[in-house]
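# Coordinates in review
For reference, the chains in residue letters:
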Amino acid sequence: METDYSHMELSSNTEIEEDSEFQDFERTDVKDMRLEAEAVVNDVLFAVSNMFVSKSLPCSDDVAYINVETRERNKYCLELSEAGLRVVGYAFDQVDDNIQTPYHETIYSLLDTLSPAYREAFGNALLRRLEALKQDGQS
């Protein structure tokens, strides 16, 4: 059985569907930066001395702060936002508005510029994983 819709009926039905379906999608698409920050910490904690999401600086949907201590014992406060990651302070939980540092797309890139020991630890971990894959391939 065919149903014949006029252009006007089709347009109004489509608008209603778009409004109801996509409104929910847009609301769930918002990133929770605290969760993003936790994922960043878990990803590279093995290669730094200490790293955690700040509990004293405010987190929101669009910004979170991460404290990191490199293996060289240098402390930083990092800002995580949609723009990326950047250093905003040289102590835990410190935001200095006068600091103008570049944004990095990834935590790897940022830590690579801050810490030669991070670079070495990351490289060593990569080598260990490659060796493990090689061993698994030979079994």
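Per an unreviewed UniProt entry, the protein goes by GSK3B interacting protein and derives from Vombatus ursinus. For the record of the protein, the UniProt heading Sequence similarities (unreviewed entry) holds the text "Belongs to the GSKIP family."

### Re a negative patch on the surface
Together, Asp32, Glu36, Asp61, Asp62 and Glu82 give the surface a local cluster of negative charge. Note on placement: Glu82 falls in the loop between β3 (75-81) and β4 (84-89).

### Things to note about a nonpolar patch on the surface
Taken together, the side chains of Phe46, Tyr108, Phe122, Leu126, Leu127, Leu130 and Leu133 define a hydrophobic patch exposed on the protein surface, amounting to about 650 Å² of accessible area. For the nonpolar patch, the leading source of residues is helix α4 (residues 116-138), giving five residues. Mapped onto the fold, Leu126 is located in helix α4.

### What about the nonpolar core?
Met51, Ile66, Val68, Leu78, Ile107 and Leu111 are the most contacted members of the largest nonpolar core, which has 23 residues in total. Listed by contribution, the elements that provide at least two residues to this core are α2 (33-44), β1 (50-53), β2 (63-69), β3, β4, α3 (107-114) and α4. Looking at this core, the element that brings in the most residues is α2, giving five residues. The residues contacting Met51, other than those within four sequence positions of it, are Val40, Val41, Val44, Leu45, Ile66, Asn67, Val68 and Ile107. The next biggest cluster of nonpolar side chains, apart from the first, holds five residues, and it includes Leu57, Val63, Cys77 and Val88.

Cut-offs applied
All residue numbers here refer to positions counted from 1 along the written sequence of the relevant chain. Confidence filtering applies because this is a predicted model: local features only for residues at pLDDT of at least 70, side-chain atom pairs given and counted only at 80 or more, and all residues used for totals across whole chains, interfaces and linings. Hydrogens and waters are ignored; side-chain quantities use all the structure's heavy atoms. UniProt positions are given in the numbering used here, feature names are shortened, and annotations may be inferred rather than shown by experiment. Any residue with relative accessible area above 30% and no salt bridge may belong to a patch, with like charges joined within 9 Å and the nonpolar Val, Leu, Ile, Met, Phe, Trp and Tyr side chains within 5 Å. Here, Shrake-Rupley sampling with a 1.4 Å probe gives the accessible areas, and only protein chains in the shown set may cover a residue. Any Lys or Arg side-chain nitrogen located within 4 Å of an Asp or Glu carboxyl oxygen qualifies as a salt bridge. His is not counted, nor are the chain ends; Lys and Arg add positive charge and Asp and Glu add negative charge. Charged groups are reduced to one reference atom each: NZ for lysine, CZ for arginine, CG for aspartic acid, CD for glutamic acid. Helix and strand definitions follow DSSP, with helices as H or I runs of at least four residues and strands as E runs of at least two, each counted in order from the N terminus. Put simply, a nonpolar core is a bunch of buried Ala, Val, Leu, Ile, Met, Phe, Trp, Tyr and Cys residues held in one set by side-chain atoms that sit within 4.5 Å of each other. Classification of residues uses two cut-offs on accessible area relative to the type maximum, computed with a 1.4 Å probe and protein chains only: under 20% is buried, over 50% is exposed, and between them is partly exposed. Two residues qualify as a contact provided that any one of their heavy atoms is within 4.5 Å of a heavy atom in the partner residue.

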